[in-house]
2 protein chains.
Amino acid sequence: MNLSTKSRYGLRILLCLAKSYGTDVPLKGKAIASEQGLTEPYFEQIIIKLKAHSLVATVRGCHGGYLLNRSPETISLLEIVEIFEGPVELVKCRKGTSVCPRQSECAAQSVWHKLSRTIRTELAKVTLASIVQENENSDQPEYVI
Amino acid sequence: MNLSTKSRYGLRILLCLAKSYGTDVPLKGKAIASEQGLTEPYFEQIIIKLKAHSLVATVRGCHGGYLLNRSPETISLLEIVEIFEGPVELVKCRKGTSVCPRQSECAAQSVWHKLSRTIRTELAKVTLASIVQENENSDQPEYVI
DNA sequence: TATAAAGTATACTAAATGAATATACAATTA
DNA sequence: TAATTGTATATTCATTTAGTATACTTTATA
């Protein structure tokens, strides 16, 4: 039940870009990488995937850089996580094929699938915009144990 | 976002035991293992942890075996999953220590923690009893895509 | 009381995944 | 055309996961 570092960095990179969304000034890879404590090649691995899924746009050349490609309201955590982790499913019952020989006996199976769905729903609720907004509204932590 | 096989087998083993809860007849390890398609030593690795957390009780000797140690209503998926996966937390920010130097700048952090909490809540809602019951009530899958 | 049936415990191996680094290449604009 | 920027791939290392193997302990009962 652990997120990979790439998902986490991916979100943080997107949050950087979301903050300057609207301006047409691309952020330089170098700047983002060093702000987030990443080496440039590692940063590239992450952003290349974000680009492949068209969450970011790139501007090449000597004043190039990266831009958020869609409005922050339309980018959810679910989308981000699935880029790096693959489908959010707690169990992969014979990947690809839809029928498992044991399925009929397997009460457990449907429980995991239902939970996976719930998790996906929760992830889909959170957008870049909502994160940025929440962060601006409060300097306090949003929850207390 | 993948559950380990041990969590999954753990649940299935517990469901076996839950079905015969109330009778005082212990289920033999061999029987459970072969029913679930596990080798005996591998089964043992799993059940030993369930025992260590006192979810199951054992009866030793030549008519021994395993019994559910608590009522199925009181055993939740959260408890089972945490036995095998550790704490359900999407991110581990400097394990052990509570403060992370980057935390203040890290809007992402609180999002992951909130989601982790939600997931824990959902896991806690499902008990062995509810799974067994749901499974008896319907031969149909409980959801449709 | 021997023994077979049952549980306990630990060590090892192989495969997969994850995290990070290194290096070489391609595109673009001042 | 050179500097700046992004693109792509391959390699290394560490960790985790899954599963196997083996040796040992307990206990009911024949």
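Quantities reported herein were computed from a predicted structural model and do not represent experimental measurements. (Residues numbered from 1 in each chain as written. Chains lettered and ligands numbered in written order. Predicted model: local features only at pLDDT ≥ 70, side-chain atom pairs only at ≥ 80, totals over all residues. Heavy atoms only, no water.)

We now examine empty space enclosed by the protein. Throughout the structure, instances matching the rule amount to 2 cavities of 30 Å³ or more. Taken as a whole, the largest cavity holds about 40 Å³ of empty space. Around the largest cavity, the lining residues are Leu 3, Val 81, Ile 119 and Leu 123 of chain A together with Met 1, Leu 90, Trp 112, Leu 115 and Ile 119 of chain B. Every element with two or more residues in the lining of the largest cavity is listed here: α5 (107-125) of chain A together with α5 (107-125) of chain B. Considering every element that reaches the lining of the largest cavity, the biggest residue donor is α5 of chain B, with 3 residues. Grouping the amino acids of the lining of the largest cavity by side-chain chemistry returns 9 nonpolar, no polar and no charged. Empty space within the second largest cavity amounts to approximately 30 Å³. Lining the second largest cavity we find Arg 8 and Arg 12 of chain A together with Cys 106, Ala 108, Gln 109 and Trp 112 of chain B. Mapped onto the lining of the second largest cavity, the elements with two or more residues apiece are α1 (5-19) of chain A together with α5 of chain B. The element contributing the most residues to the lining of the second largest cavity is α5 of chain B, with 3 residues. When the residues that make up the lining of the second largest cavity are grouped by side-chain class, the tally is 3 nonpolar, 1 polar and 2 charged. (1 Å grid on protein atoms, 1.4 Å probe; cavity = no way out; pocket = protein on both sides within 12 Å on 5 of 7 lines; lining within 4 Å. Points joined across faces, edges and corners; volume = space filled by probe spheres on them. Helix = DSSP H or I, 4+ residues; strand = E, 2+ residues; numbered from the N terminus. Nonpolar A, V, L, I, M, F, W, Y, C, P; charged D, E, K, R; others polar.)

Looking now at the domain arrangement of chain A. Residues and elements named next belong to chain A. We note that the domain assignment places domain 1 (1-74 + 127-145) and domain 2 (76-126) within chain A. Taken together, the contact pairs 20 residues of domain 1 with 11 residues of domain 2. For domain 1, the biggest contributors to the area lost against domain 2 are Ser 7, Lys 49 and Thr 127; these three give 31% of the whole. At the boundary of domain 1 and domain 2, one finds 1 salt bridge. A salt bridge links Glu 79 to Arg 70; the shortest N-O distance between them is 2.9 Å. Linking domain 1 to domain 2 there are 3 residue pairs in polar contact (both at pLDDT 80 or more). Counting residues per element, the ones that place at least two in the side of domain 1 that touches domain 2 are α1, α3 (40-52) and α6 (128-137). If one sorts the elements of the side of domain 1 that touches domain 2 by residue count, α1 sits on top with 5 residues. (Domains from an automatic or database assignment. Contact = heavy atoms within 4.5 Å. Buried area = accessible area lost by both parts, 1.4 Å probe. Salt bridge = Lys/Arg side-chain N within 4 Å of Asp/Glu carboxyl O. Polar contact = N/O pair within 3.5 Å; in protein donor to acceptor, adjacent residues only side chain to side chain.)

In this section: the protein's contact with DNA strand C. Taken together, 24 residues surround DNA strand C, and among them Thr 39 and Gln 45 of chain A together with Lys 28, Lys 51 and Tyr 66 of chain B come closest. In the interface set of DNA strand C, defined as its atoms within 4 Å of the protein, sugar plus phosphate atoms amount to 74%. Lys 28 of chain B has a polar side-chain atom sitting 2.6 Å from a phosphate oxygen of DNA strand C. Listed by contribution, the elements that provide at least two residues to the surface near DNA strand C are α3 of chain A together with α3 (40-52), β1 (56-59) and β2 (65-68) of chain B. No other element matches the 4 residues that α3 of chain B contributes to the surface near DNA strand C. (Near = heavy atom within 4 Å.)

Here we take up the environment of Lys 28 of chain B. Mapped onto the elements of the fold, Lys 28 of chain B is located in the loop between α1 (5-19) and α2 (29-36). Here the alpha-carbon distance between Lys 28 of chain B and Gly 65 of chain B, two residues 37 residues apart in the chain, equals 4.3 Å.

Further remarks concern the relation of the copies chain A and chain B. Here the second copy of the chain follows from the first by a rotation about an axis and a shift along it. For these two chains of identical sequence, chain A goes onto chain B by a turn of 180 degrees and a shift of 0.0 Å along the axis, with RMSD 0.0 Å. Taken together, the turn and the small shift mark the pair as related by a two-fold rotation axis. By C-alpha distance to the rotation axis, the residue of chain A lying nearest is Met 1 of chain A, at 2.7 Å. (Least-squares fit on C-alpha atoms with pLDDT ≥ 70 in both.)

Residue and element names in this part refer to chain B. Mapped onto the elements of the fold, Cys 16 is located in helix α1. Separated by 51 residues in the primary sequence, Cys 16 and Leu 67 place their C-alpha atoms 9.6 Å from one another. Here Cys 16 is in contact with Leu 27, Ile 32, Glu 35 and Gln 36, once residues within four sequence places are set aside.

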